[in-house]
Amino acid sequence: MLPYVAKRLGQSLLTIFLTVSTVFVLIRMAPGDPAYALAGPLATTGDLEKIRTSMGLSEPLITQYGIFLKELGAGNIGKSYSFQAPALEVVLSRLPNTIFLAVLAILLAIVVAIPLGVWMAKRADTKRELGVNVLTIAGQSMPDFWIGIMLLTLFAVVFPIFPSSGFTSWSGVVLPVTTVAILQIALVSRMVRREVGTNMAAPYLTVARARGTGEQKLTWAYAMRNSSIPILTALGTRFAGMLNGVVVVEVVFNWPGLGSLVVRALETRDYPLIQATVLVTSVLAVGVQLLIDLCYPLLDPRVRLGKVSVA
């Protein structure tokens, strides 16, 4: 068990390091000048050079990277150009709203997708299952921003039931959470259908059925248990992806999370703020995936004994 944990922990730290390093290089290769974005169009060449020097941007890229790693090791990601405050503090102040949105969306997805997937598996190849399957494929195919705009138009403009933006009341949560959850429901329910359907047709369940075991027990105690690892993996992956992918939805609904912060950081070329956002979301996403990985040995003893690989 200990080597398994150490291996997963090492992989997680390497993933975070490579992600942050890649973003550090890419944002500096992208077009745009942070000094110009900060000083404005009336700044002289001398003014821009002074600002670049104060930001450390006049140094070679490798020198900037070395300074970044040294400061990162000391727990300092830098000061946001636009907020004039520690970038990590700015990101952490917005993070709870994004986590709140993602957690509600994944909970809604679990509540809807797992029973729906089991229902589809037990009615496979029927007309009703085919109809639901078509809806899940449609939900999987539509981009988040399009779903958000459609929900916004229908339930905030045509029928003004929910507020169109902001997070001032619980009614303001409904449309953003539903928008994020629809794709997750479509993806997870199709996976549950496939995994539970495969296990329901397995020989050991045929034997258990012949011995008089009830269908409810066969479905939930046997088929679902044996499907738990791929389903748990899908949920963990979807949740980790949501932490990075709700940016567009947050912008559509003017949600006060990391989405609007990232957009502002990109517009102003605020390198420390971009790096802090990527670092925090990477740590969260990798941390969730690590937690899921550590649950595997508890669900399947063969993983603990090294007889089955889940990598």
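Residues numbered from 1 in each chain as written. Predicted model: local features only at pLDDT ≥ 70, side-chain atom pairs only at ≥ 80, totals over all residues. Heavy atoms only, no water.

Novice: Provide a residue-level description of the environment of L116, including the pertinent values.
Specialist: Structurally, the position occupied by L116 is in helix α5 (residues 87-122). Under the relative-accessibility criterion, L116 is labelled partly exposed at 23%. Expressed as a C-alpha distance, the spacing of L116 and L104, which sit twelve residues apart in the sequence, is 18 Å. Beyond its immediate chain neighbours, meaning those up to four positions away, L116 contacts V132, T136, I185 and S189. (Helix = DSSP H or I, 4+ residues; strand = E, 2+ residues; numbered from the N terminus. Buried < 20%, exposed > 50% of the residue type's maximum accessible area, 1.4 Å probe, protein only. Contact = heavy atoms within 4.5 Å.)

Novice: Now, about the pattern of salt bridges: what can you tell me, with residues and values included?
Specialist: In total, this model carries five salt bridges according to the counting rule given. We note a salt bridge from R52 to D33, for which the minimum N-O separation is 2.4 Å. Of this pair, R52 sits in helix α3 (residues 45-55) while D33 is found in the loop between α1 (2-29) and α2 (34-39), placing the two residues 19 residues apart along the sequence. Looking at R52, the relative accessible area reads 22%, which means it is partly exposed. (Salt bridge = Lys/Arg side-chain N within 4 Å of Asp/Glu carboxyl O.)

Novice: Can you tell me about the nonpolar core, naming the residues and giving the values?
Specialist: By size, the foremost hydrophobic cluster in this structure holds 44 residues, and its most contacted members are V180, V192, V196, M224, F239 and M242. Elements that contribute at least two residues to this core include exactly α5, α7 (144-158), α8 (171-200), α9 (203-210), α10 (215-226), α11 (228-245) and α14 (271-299). (Core = buried A, V, L, I, M, F, W, Y, C linked by side-chain atoms within 4.5 Å.)

Novice: Lay out helix α6 (residues 127-141) with the relevant residues and their values.
Specialist: A rise of 1.5 Å per residue sets the reference length of α6, with its 15 residues, at 21 Å; its end C-alpha atoms lie 21 Å apart and thus fit the reference within 8%. Every buried residue belonging to α6 is among E129, V132, N133, T136 and G139, and all of these are buried. For α6, the buried positions fall inside an angular range of 120° around the axis, keeping them on one side. Exposed positions of α6 whose direction lies more than 90 degrees from the buried face are K127, L130, L135 and S141. Buried positions along α6 lie against α5, α7 and α8. (Expected span 1.5 Å × (residues − 1). Arc of directions from axis to C-beta.)

Novice: Go over the environment of V174 with me, naming the residues and quoting the values.
Specialist: Mapped onto the secondary structure, V174 falls in helix α8. C-alpha separation for the pair V174 and F162, spaced twelve residues apart in sequence, amounts to 7.5 Å.

Novice: Report on α1, specifying residues and quantitative values.
Specialist: Taking 1.5 Å as the rise per residue, α1 with 28 residues should run 40 Å; its terminal C-alpha atoms sit 41 Å apart, in good agreement. Within the sequence span of α1, burial applies to Y4, R8, S12, I16, V20, S21, V23, F24 and I27.

Novice: Tell me about a nonpolar patch on the surface, and name the residues and values.
Specialist: Nonpolar side chains collect at one region of the surface, where F145, W146, I149, M150 and V248 lie side by side and expose about 430 Å² of accessible area between them. Considering every element that reaches the nonpolar patch, the biggest residue donor is α7, with four residues. With respect to the secondary-structure elements, M150 resides in helix α7. Look at M150 and you get partly exposed, because its relative accessible area is 36%. (Patch = residues over 30% accessible without salt bridge, like charges linked within 9 Å, V, L, I, M, F, W, Y side chains within 5 Å. Areas by Shrake-Rupley, 256 points an atom, 1.4 Å probe, with all protein chains shown as cover.)

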